[in-house]
Every structure is written in C-alpha cells, then in structure tokens.
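Residue-level structural notes
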Amino acid sequence: MYSSIIKKVLMALSGIFLMVFLLQHLAINLTSLFPDDGNTFNKISHFMGYNPLVQFVLQPILIFGVFFHFIMGFVLEYQNRKARISKYIYHKTRSSWVSKNMILSGLVILAFLALHFYDFWIPEMDYKYINFKQPDSLKYFHELQEKFYGQTTRTTIYCISFILLGLHLNHGLSSSFQSVGISNKKEKNLQRLAIIYSFIISFGFSFIAIYHYFVH
Ligand code: HEM
C-alpha cells in the first residue's frame, strides 16, 4: 500500500518533469515559425546540441525520465488491474476507463517517440558522435522543413499523436495533482489549468507540423 503511494507520487513527479520539458521543446520549436529563415531556430538548436550541460547532464536525465515514466505507468496499471480483480471488481467505473485510456494514449506516444527519434534524434547522434562531422549551425531548420514539407503521412501521424498526447496530458495532469496532495478546493482551477496546458501543447505542436507541411 505504502509503496504504491510512493510509486504514484514518483509517477506524478516524472510526469510533471516531462511536462516542463514539453513546454521548453514547444517554445524552441515555435521559433521555427519566425519570419527569419530559421535563424533563431538554428541558433537555439545549435546551442542545445553542443552545450555540454544540455548534452551530458540534461539529455540523459530526460531520457531516463521518459523510460521511468513509461515503465512505472505499466507497473501501476498492472497493480491496479490486480487490485481490481481481487477487491474492487464491482467498482469498475470511470476510473478504469480513464486508466485504460492512459495506457492506450501512452502507447501511442511511445510509438510516436520511436518515430520522432528515428526522424530527428538518431540522425543528430549519428552526425555528432558516430561520424564526428563538423558542427553546422545552419542545418537544423533545413532538416525540419525536409521532414514536414509536403509529407502527408508523417504530418498526419504526428498530428494524431499530438491529439492523443493532449488527452494523456489532461488526464495525467489532473490525477497528478491528487497524487502530490493538492487540496480539493483548488481542484476546479487546476482542472482548468490542465485543459489549457494540454490544449497549448497539442495545438502548438500540431500547428508547427502543419505550418511546415504547407510553407517552405
Ligand atoms: C512538431 C512537433 C515537434 C518537432 C518539430 C520536434 C523537433 C525535434 C527536434 C528537431 C529534435 C532533435 C533535437 C536534437 O537535435 O537532438 C527533437 C528531439 C526530441 N523531441 Fe521533439 N519535436 C516535436 C514534438 C515532440 C513531442 C510532442 C515530444 C514528446 C512527446 C517530443 C520529444 C522529443 C524528445 C524526447 C527529443 C530528444 C531530446 C534531446 O535531444 O535530448 N518532441 N524534437
């Protein structure tokens, strides 16, 4: 019982950490919309790509955070199922729908991340740490445009993933407030905040993908 509460709190904290990452990732990607031929986007991407603190401290923490969150999600789901079967079989109501939805949307996000890493992260690692190519601070915007411009399948998969990501964030954020012990009184405002945050992330990323689909 006690260890399951700890797991839930760790799940919530890792989720909140990933949400902060998403906000900064969105903010950086939004600069690709500036009317400056990708100048700002290239500068920031180059900084992030070659700053030792980002590369060797923040990036490993982020990757660990992603894995931790997914593995813990499955562990908690497994425990919930076991508990439901043995004790609460008659109370299978809304919460079971929400958690089922979380696992499904979580799996879609995992699949999206595999595609996303294949698209951006792996080529970058290959460029820097396998082929040891010279830094090229102008390539980021060009690569981003290539991935989306006229690419219907990729843009569609990305946007569907962003909608499910929005739903996942909304449910996750609401339940994480309960796990870290925020009072019921504030709950209504926090629910609103969860909706606004999820919408910004979902809409913001979709807008970026669709913009680069049409504009070169
Ligand atoms: C249109 C939307 C998006 C664009 C254009 C985009 C773009 C990028 C780019 C260019 C990189 C490579 C960074 C590098 O050079 O290493 C990257 C990395 C990454 N992206 Fe995205 N991204 C988008 C949405 C997302 C979303 C929604 C998520 C999470 C669900 C995500 C998670 C990640 C992660 C975890 C990395 C690896 C971070 C790292 O390099 O340390 N991205 N993304």
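Let us look at the structure shown here. Bear in mind that the values here come from a model prediction, so they are computed numbers and not experimental data.

Cut-offs applied
- Residues numbered from 1 in each chain as written.
- Predicted model: local features only at pLDDT ≥ 70, side-chain atom pairs only at ≥ 80, totals over all residues.
- Heavy atoms only, no water.
- Helix = DSSP H or I, 4+ residues; strand = E, 2+ residues; numbered from the N terminus.
- Buried < 20%, exposed > 50% of the residue type's maximum accessible area, 1.4 Å probe, protein only.
- Contact = heavy atoms within 4.5 Å.
- Areas by Shrake-Rupley, 256 points an atom, 1.4 Å probe, with all protein chains shown as cover.
- Donors = N, O, S within 2.8 Å, 3.2 Å for Na, K, Ca; no water.
- Tetrahedral: all angles 85-135°; square planar, octahedral: opposite > 155°, others 65-115°.
- Near = heavy atom within 4 Å.
- Polar contact = N/O pair within 3.5 Å; in protein donor to acceptor, adjacent residues only side chain to side chain.
- Nonpolar A, V, L, I, M, F, W, Y, C, P; charged D, E, K, R; others polar.
- Core = buried A, V, L, I, M, F, W, Y, C linked by side-chain atoms within 4.5 Å.
- Phe/Tyr/Trp six-rings, centres within 6.5 Å; stacked < 30°, edge-to-face > 60°.
- Axes fitted to C-alpha atoms, helices over the stretch in contact; angles between N-to-C directions.
- Parallel < 35°, antiparallel > 145°, perpendicular 65-115°, else oblique.

The next thing to look at is the overall build of the protein chain. Of the regular secondary structure elements, the protein chain holds 7 helices and 0 strands. What you see in the protein chain, going N to C, is helices and strands ordered as α-α-α-α-α-α-α. The buried share of the protein chain, taken over its 216 residues, is 39%. Across the protein chain, every contact between residues at least 6 apart in sequence was considered, and the portion connecting residues at least 24 apart equals 82%. Within the structure as shown, the protein chain displays about 13500 Å² of accessible surface, and the carbon and sulfur contribution to it stands at 71%.

Our focus in this paragraph is the coordination of the iron atom of the ligand. Surrounding the iron atom of the ligand are the protein donor atoms His25 (NE2) and His116 (NE2), which sit 2.0 Å from the metal. Coordination at the iron atom of the ligand is octahedral, judged from the 6 donor atoms that bind it and the angles of 86 to 180° they form at the metal. Of the two residues, His25 sits in helix H1 (residues 2-30) while His116 sits in helix H4 (residues 94-130), which places them 91 residues apart along the sequence. With relative accessibility at 24%, the residue His25 sits in the partly exposed group.

This paragraph deals with helix H5 (residues 139-148). Most of H5 sits inside the fold, with 7 of its 10 residues counted as buried. Taken from the residues just after H5, Gly150 is the one with a positive phi, measuring 70°.

Take the site of the ligand next. As a structural note, the neighbourhood of the ligand is formed by 18 residues, with His25, Gln59, His116, Trp121 and Glu124 the closest of them. Trp121 is positioned such that a nitrogen or oxygen atom in its side chain is 3.5 Å from an oxygen atom of the ligand. Looking at the shell around the ligand, the elements that each hand over two or more residues are H1, helix H3 (52-86), H4, H5 and helix H6 (152-179). Taken together, the residues of the shell around the ligand sort by class into 13 nonpolar, 4 polar and 1 charged.

Further remarks concern the nonpolar core. Ranked by internal contacts, the top residues of the largest apolar core, which has 30 residues, are Leu22, Leu169, Tyr197 and Ile201. Looking at this core, the elements with two or more residues in it are H1, H3, H4, H5, H6 and helix H7 (187-214).

A few words now on the packing of aromatic side chains. Scanning the entire structure with this criterion turns up 14 aromatic pairs. Judged by centre distance (5.8 Å) and plane angle (35°), the rings of Phe64 and Phe68 are tilted. Note that Phe64 and Phe68 are positioned in helix H3 at a spacing of 4 residues, about one turn of the helix. We classify Phe64 as exposed; its relative accessible area is 57%.

On to the packing of H5 against H7, then. Here H5 crosses H7 at 85°, and the two axes come no closer than 8 Å. Here H5 lies roughly perpendicular to H7, going by the angle between them. On the side of H5, the interface is formed by Phe141, Leu144, Gln145 and Phe148, while H7 contributes Ala209, His212 and Tyr213. The residue inventory of the contact of H5 with H7, partitioned by class, reads 5 nonpolar, 2 polar and no charged.

A few words on the side chain of Glu124. Position of Glu124 relative to the elements: it lies in helix H4. Polar contacts involving the side chain of Glu124 include one to the side chain of Lys139, which spans 2.6 Å. The contacts of Glu124, once residues within four sequence positions are left out, are Lys139 and Tyr140.

When two helices pack together, you describe them by how their axes are tilted relative to each other and by the distance separating the axes. Running from N to C, helix H2 (residues 39-50) and H5 point in directions that differ by 105°, and their axes come no closer than 7 Å. Compared by their axis directions, H2 and H5 come out roughly perpendicular. In this structure, H2 uses Phe41, Asn42, Ser45, His46 and Tyr50 to contact H5, whose residues at the interface are Lys139, Tyr140, Phe141 and Leu144. Across the contact of H2 with H5, the residue classes break down as 5 nonpolar, 3 polar and 1 charged.

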